[in-house]
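Secondary and tertiary structure notes
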Amino acid sequence: MAEAAGLQGSERPRGRWSRRAAALIAGVPLLMAMVQFPAAPEARAAGPRTVDVSIDALTPTVPKKDDTLTVSGTLTNRSDAPVTDAHVGLRRGQALTSRSAIDTAAKRTGFSPGADGEEIKNRTQKIDKLAPGVSRTFTLQVPVKDLALGNDGVYQLGVSLSGRSGDSSYEQVLGAQRTFLPWQTSDVAKKSQLTYLWPLISSTHLTAETDADAEQTPVFRNDNLAAEIAPGGRLQQLVALGKDLPVTFVVDPDVLASVDAMTKTYKVEGPNGPTAGKNQAVAKQWLGQLEEAVKTHEVVALPFADPDLASLAHRGKEVPSALGHLGPATTLAATTVETILGVKPRTDFAWPAEGAIDSSIVDVATSGGAHNIIARSDSLQENDLSYSPTAARPIGGGNTAIVSDARLSTAFEGDLSKAENSTLAIQEFLAQSLMVNGQEPERQRNIVVAPQRTPSVSQAQAMAAGVKSLVPGRWAEPLNLAGAAKATPDPDANRVVPRISAYPSSLREQELPTAAFEQIQETQSTLDDFEPVLSQPARVVTPFGNAIMREMSTEWRGDEAGAAAFRSSVRTYLDGLTKNVQLIQKSDATLSGRSATIPVTVQNNLVQGVKSLTLELTSSQPNRLDTGEPQEITVDGGHSQSFKFDTTANANGPVQVTAQLYTSEGKPYGLPMTFQVNVTEITSTIMLVIAGGVLLLVLAGVRIYLQRKRAGSRHGGEGTDGGEDADGTGGGEGPGGEGADGGSGNSGGTDDGGTDGDGPVQPGDPEPDTGSGSTDPSGSGEKVDR
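Summarised in this report is the structure supplied together with it. Every chain begins its residue count from 1, and numbering advances along the sequence as written. Note on the predicted model: pLDDT of at least 70 is required for a residue's local features to be given, and 80 or more for side-chain atom pairs to be given and counted; whole-chain, interface and lining totals, by contrast, use all residues. Just so you know, side-chain values use all the structure's heavy atoms and leave hydrogens and water out.

Regarding the pattern of salt bridges
Condition: We count a salt bridge whenever a side-chain nitrogen from Lys or Arg sits within 4 Å of a carboxyl oxygen from Asp or Glu. Numbered from the N terminus, helices here are DSSP runs of H or I no shorter than four residues, and strands are runs of E no shorter than two. The buried label goes to any residue with under 20% of its type's maximum accessible area, the exposed label to any with over 50%, and the partly exposed label to all in between, with areas taken from a 1.4 Å probe on protein chains only.
Enumeration according to the criterion identifies 28 salt bridges in this entry. Taking the shortest distance from any N to any O, the salt bridge between aspartate 211 and lysine 267 comes out at 2.8 Å. Of this pair, aspartate 211 sits in the loop between β9 (206-210) and β10 (218-220) while lysine 267 sits in strand β12 (residues 267-268), placing them 56 residues apart in sequence. Judged by its relative accessible area of 22%, aspartate 211 falls in the partly exposed class. Across the salt bridge formed by aspartate 529 and lysine 667, the nearest N and O atoms sit 3.2 Å from each other. Within this pair, whereas aspartate 529 is found in helix α17 (residues 514-530), its partner lysine 667 is found in the loop between β28 (653-662) and β29 (668-679), the two being separated by 138 residues in sequence. On the basis of relative accessible area, lysine 667 is assigned to the partly exposed category, the value being 37%. Overlapping salt bridges bring together Arg108, Asp116 and Arg178 as one network.

Regarding empty space enclosed by the protein
Heads up, the rule is: Using protein atoms alone on a 1 Å grid, points that fit a 1.4 Å probe yet trap it form a cavity, whereas open point sets bounded by protein on both sides within 12 Å along at least five of seven lines form a pocket; residues with an atom within 4 Å of a point count as lining. Grid points are joined across faces, edges and corners, and a volume is the space filled by probe spheres set on the points. Three classes are used, and their members are as follows: Ala, Val, Leu, Ile, Met, Phe, Trp, Tyr, Cys and Pro are nonpolar, Asp, Glu, Lys and Arg are charged, and the others, Gly among them, are polar.
Following the criterion strictly, the structure yields six cavities of 30 Å³ or more and no others. Taken as a whole, the largest cavity encloses approximately 110 Å³ of empty space. Lining of the largest cavity is provided by 16 residues; of these, Pro303, Leu309, Phe349, Ala350 and Trp351 occupy positions nearest its centre. Secondary-structure elements contributing two or more residues to the lining of the largest cavity are α10 (326-341) and β15 (349-350). Residues of the lining of the largest cavity, tallied by class, amount to ten nonpolar, four polar and two charged. Here the second largest cavity is characterised by a volume of approximately 70 Å³. Every residue along the wall of the second largest cavity is listed here: Leu194, Tyr196, Pro246, Val467, Leu470, Val471, Ala476, Glu477 and Pro478. For the lining of the second largest cavity, the elements supplying multiple residues, two or more each, are β8 (192-200), α14 (457-470) and β20 (476-478). Among the elements that line the lining of the second largest cavity, the one with the most residues is β20, at three residues. Of the residues belonging to the lining of the second largest cavity, the class tally is eight nonpolar, no polar and one charged.

As for the packing of aromatic side chains
Here is the rule we go by: Each aromatic pair joins two rings of Phe, Tyr and Trp (for Trp, the six-membered one) with centres within 6.5 Å, and gets the label stacked for planes under 30 degrees apart, edge-to-face for over 60, and tilted for any other angle.
Tallied over the full model, the rule gives seven aromatic pairs. Taking 5.1 Å as the distance between ring centres and 45° as the angle between the ring planes, the aromatic pair formed by phenylalanine 412 and phenylalanine 429 counts as tilted. With a gap of 17 residues between them, phenylalanine 412 in the loop between α12 (406-409) and α13 (419-439) and phenylalanine 429 in helix α13 connect regions that are remote in the sequence. Summarising the burial analysis for this pair, phenylalanine 412 and phenylalanine 429 share the class buried.

Notes on the layout of surface pockets
Approximately 590 Å³ is the volume attributed to the second largest pocket. Mapped onto the lining of the second largest pocket, the elements with two or more residues apiece are β9, α7 (253-262), α10 and α18 (538-550). Partitioning the lining of the second largest pocket into residue classes produces eight nonpolar, nine polar and five charged.

Some words on the sheet that holds strand β2 (residues 68-77)
Two orientations exist for strands paired in a sheet by backbone hydrogen bonds: parallel and antiparallel. As a reminder, the rule being used: When DSSP finds two or more bridges between two strands, those strands count as paired. Here the axes come from fitting lines to C-alpha atoms, over the contacting stretch only for helices, and the angles between their N-to-C directions go from 0 to 180 degrees.
Within the open sheet, the three strands sit side by side as β1-β2-β5. Their pairing is antiparallel. In this open sheet, the two strands that pair with only one neighbour each are β1 (51-59) and β5 (135-143). Direction aside, neighbouring strands of the sheet carry axes that sit 25° apart on average. Pairing geometry for β2 and β5, over nine bridges, is antiparallel. Paired with threonine 74 across the strands is threonine 137, a residue of β5.

Remarks on the nonpolar core
Our working definition: Here, the term nonpolar core denotes a set of buried Ala, Val, Leu, Ile, Met, Phe, Trp, Tyr and Cys residues that are joined through side-chain atoms within 4.5 Å. Should any heavy atoms of two residues lie within 4.5 Å, those residues are counted as being in contact.
Core analysis: the biggest nonpolar cluster contains 72 residues, and Phe530, Val602, Leu615 and Val677 have the highest contact counts within it. Those residues in contact with valine 677, other than ones at most four positions away along the chain, are Ala589, Leu591, Ile598, Leu625, Gly653, Pro654, Val655 and Val657. By size, the runner-up hydrophobic cluster in this structure holds 69 residues, among which are Leu235, Phe249, Leu256 and Ala261.

Quick word on helix α3 (residues 99-107)
Restricting attention to buried positions, one finds in α3 the residues Arg99, Ala101, Ile102, Asp103, Ala105 and Ala106. If you follow the buried residues of α3, they end up packed against β3 (83-96), β6 (153-165), β7 (172-183), α12 and α13.

With respect to the packing of α17 against helix α19 (residues 560-578)
Basically, it comes down to this: Oblique is the label for every angle not falling under 35 degrees (roughly parallel), over 145 degrees (roughly antiparallel), or within 65 to 115 degrees (roughly perpendicular). Should the near helix be turned counterclockwise from the far one by less than a right angle, the crossing is left-handed, whereas a clockwise turn marks it as right-handed.
One can describe the packing of α17 onto α19 by two numbers: an axis separation of 10 Å at closest approach and a directional angle of 20°. With respect to their mutual orientation, α17 and α19 come out roughly parallel. In this structure, α17 meets α19 at a crossing whose hand is left-handed. In this structure, α17 uses Ala516, Gln519, Ile520, Glu522, Thr523, Thr526, Leu527 and Phe530 to contact α19, whose residues at the interface are Arg567, Ser568, Val570, Arg571, Leu574, Asp575, Leu577 and Thr578. Its residues assigned to classes, the contact of α17 with α19 shows seven nonpolar, five polar and four charged.

The quantities given are spatial measurements derived from coordinates; they are silent on function.
The following block contains the structure:
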């Protein structure tokens, strides 16, 4: 029209102007059909559109010559004007010649008669008036022979709606959608070997907490796992669909351990504390289904809890011992799968997030025992190859990169709950797999598909439909992951592992921070110090060791707050357990002599005993008060034990004493406990007075003895009197005899007052071995007797 306006002002003859104007006007309908076309549906493109055309089903997905193709879908008027005189038809577009051509066609939003092809005649369906906002379904059936398909390959197939919109006086294409039709008339000589990974992975569900009962009833963060394994749930569907497909199960053993825990008594965290779980039957049913499925499938076990290898390589390596968890996680993986499912899994495969690798990730993966690293072709990219090479690539050091195909691996991502999106994803997956085979028909290659780690139910169903369409094997045949790893590598394929700097920034932003690994290390150190003092360490080490592995899971990507909350909960619970073994605060004591026994009480509120701890008293002034030797202690679960220290005072006055528990390695355990000892030693003046008194008594006794002896000499013949005097004195009724007896009685009292001869029992001191008692300090003004 702009061109017509320009010509109208020219000096050319009127006849010539009229002919050109007529030609322009005649071309308007074609021009309008090209520029007023509605963009493809939301699943494939964005932009203005009049009628939204969706292809909800296409059968058969891979037709044969004698088949009838059935295409059904939905039409929705997105404009403000009604659509009239409309019909929907099928268009067979051009044959596509490359994988990139499929990508381009999938993204294209414009309508081009040349690219989209002519409408198949006599195979259209009339559509009644379509009011604004109204939707209507359609179904088209076309014999495959009417599509006039030529050579084997991938063809573009489109559905278009043509009609009038509003007051338009001519028909135009108001909406269109396109998909792909794989066309293979016979089996190929060299079929592609396709390896499809089938992941059974979930987020973290178990906490570190267990009940104090003999069974150690586990506590779950929530009951979401029950929903995943229940009929129709995500994990249930993956098992139900995968058991009949030629796939390799890739399992996170933590899922198995968690479901196995649900088969017994378990609890679930709630706002008012843990409550009893009720899904034992569901858990048993799911495990039974999986056990049956894996009998005929290869099983690959990831390290326990699926640790984030990239986070460990980029952030964890800065924290000592962080990488030390990977080896035990691999060992635990094998044990868990073999114990629960009764099959021996492969544990020599590592699967970094999104298949993105670099040299540091490869180093971390191999340090944990994996010599086969599942990468993706958008990470380990090809340089000059015009075809997709075999997945296996030797990358040095006896290690192999299993490079999955990026297009096929990402084919079933996004929201596939809509039938339209699912149908388009299936057809594009089949088209790409056929195009791979067509690239080098004389060369047999192995192609690996590593989909998203946790596919939804709709994604899993679409994946299953795609794999199932390949089962007849016209151009592909199945191969397990072990076979893919052993396949002969393509000598021209890229084997250079990307540098660390090449790792995608979008993925790096999702990694666990270094601070997370520092917190994990602190928790592990606390657990290491706690373990030696326990009489039954497995009750604590096992649940906490597993929880620490879960703190490094790949499934925390995208949930930084959840990861931090989980780490905090594990550490808080562990600290709470360690504080159940503590010293009971002691009040100030009085030492009335040069030596005495000071009791210190250790309380153990754990259900199991503690051992290998040393209790030590330290005097702030050793020259004034010697607190004795450290003591090794053992306290039964749920008891308090009093330990007594022999002390020696050398001077009067207050002295601060600190009690501290130590592990066998000499590390302080728990908080120290301090109290004051006031020494009140007997003075030298009092001792002189006492000594003088004793001397006077002795002198008095000697004087009396001499007097009586002289009197006896004067009355030598009066033996009776003398005998009476002698008997009276020998009877011990004098002060000396009474004093001796009294002294003996006091001594006996002192011996009886001790415990097993260790020293006197102090007022307010607990019994030597009691049940768990109060942690309140002992009474004020405690006196420690000699």
